[in-house]
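Architecture at a glance
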Amino acid sequence: MLFEKVCQINDIVPGTGVCALVNGEQVAVFRPTQEEQVFAISNTDPFYQSNVLSRGLICEHKGELWVASPLKKQRFNLATGVCMEDEGFSVKSYPAQVNNGTVEIAA
């Protein structure tokens, strides 16, 4: 699996997300805590076809991390991309890692 470097871990404020362009696709990259752990899903809200998920609010539900879309608050699982409210509108998830302080997404 090939990983593409997108930014430094310190470029992402803990508890937020950023958008990166990976192989021509907008990817929302999230750093939920102070830890060097990141998640990556498609940045496109499938309900409205708008590239906004990186600006969503990170939340926890039943021990799993989710992002709530800033538009109508549908929640997407950060690890799998599954939509909590309607699995028919799930988004693509990407393998993500931090390597020596650099955030990398599988290309």
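Just so we're clear, the structure is a prediction, and the values are computed from it rather than from any experiment.

Regarding its fold elements, the protein presents zero helices and twelve strands. Counting helices and strands in the order they occur from the N terminus, the protein gives β-β-β-β-β-β-β-β-β-β-β-β. For 107 residues, the compact-globule formula gives about 13 Å, and the C-alpha radius of gyration of the protein, at 13 Å, lands near that figure. Dimensions along the principal axes, computed over C-alpha positions, put the protein at roughly 35 × 30 × 20 Å.

So, on to the side chain of Q74. Examined against the element boundaries, Q74 turns out to sit in the loop between β8 (64–68) and β9 (75–77). Since its relative accessible area comes to 12%, Q74 is described here as buried. Apart from the residues within four sequence positions on either side, Q74 is in contact with D45, F47, Y48, V67, A68, S69, C83 and E85.

Our focus in this paragraph is the sheet that holds β9. If you walk across this open sheet you meet the three strands as β7-β8-β9, and the pairing is antiparallel. Two strands lie at the open edges of the sheet, namely β7 (57–61) and β9, each paired on one side alone. Mean inter-strand twist for the sheet, computed between neighbouring axes without regard to direction, equals 40°. Where β8 and β9 come together, three bridges link them in antiparallel fashion. In the strand pairing of β9, A68 is matched with R75.

Once that is clear, we can look at the sheet that holds strand β1 (residues 3–8). Strand order across the open sheet formed by three strands is β1-β12-β11, with antiparallel pairing between neighbours. The sheet terminates laterally at β1 and β11 (96–99), the two strands that pair on one side only. Looking at each pair of strands side by side, their axes are set apart by 30° on average, direction ignored. Where β1 lies against strand β12 (residues 102–106), five bridges are found, and the strand directions are antiparallel. Note on β12: the bridge partner recorded for E4 is I105.

Next up on the list: the UniProt feature "domain: Rieske" (unreviewed entry) in the protein. The UniProt record annotates "domain: Rieske" (unreviewed entry) at residues 4–105. The distance separating the terminal C-alpha atoms of residues 4–105 is 5 Å; by composition the span is 0% helix and 49% strand.

It is worth spelling out the pattern of salt bridges at this point. What the rule picks out here adds up to two salt bridges. K92 serves as the salt-bridge partner of E25, at 3.9 Å between the closest nitrogen and oxygen. Here E25, found in strand β3 (residues 25–31), pairs with K92, found in the loop between β9 and β10 (93–94); they are 67 residues apart in sequence, far enough to count as distant. A relative accessible area of 36% means that E25 is categorised as partly exposed. A salt bridge links E85 to R75, with the nearest nitrogen and oxygen atoms 2.7 Å apart.

Calculation notes
- Residues numbered from 1 in each chain as written.
- Predicted model: local features only at pLDDT ≥ 70, side-chain atom pairs only at ≥ 80, totals over all residues.
- Heavy atoms only, no water.
- Helix = DSSP H or I, 4+ residues; strand = E, 2+ residues; numbered from the N terminus.
- Rg over C-alpha atoms; globule rule 2.2 N^0.38 Å.
- Buried < 20%, exposed > 50% of the residue type's maximum accessible area, 1.4 Å probe, protein only.
- Contact = heavy atoms within 4.5 Å.
- Pairing = 2+ DSSP bridges.
- Axes fitted to C-alpha atoms, helices over the stretch in contact; angles between N-to-C directions.
- UniProt positions renumbered as here; feature names shortened; annotations may be inferred.
- Salt bridge = Lys/Arg side-chain N within 4 Å of Asp/Glu carboxyl O.

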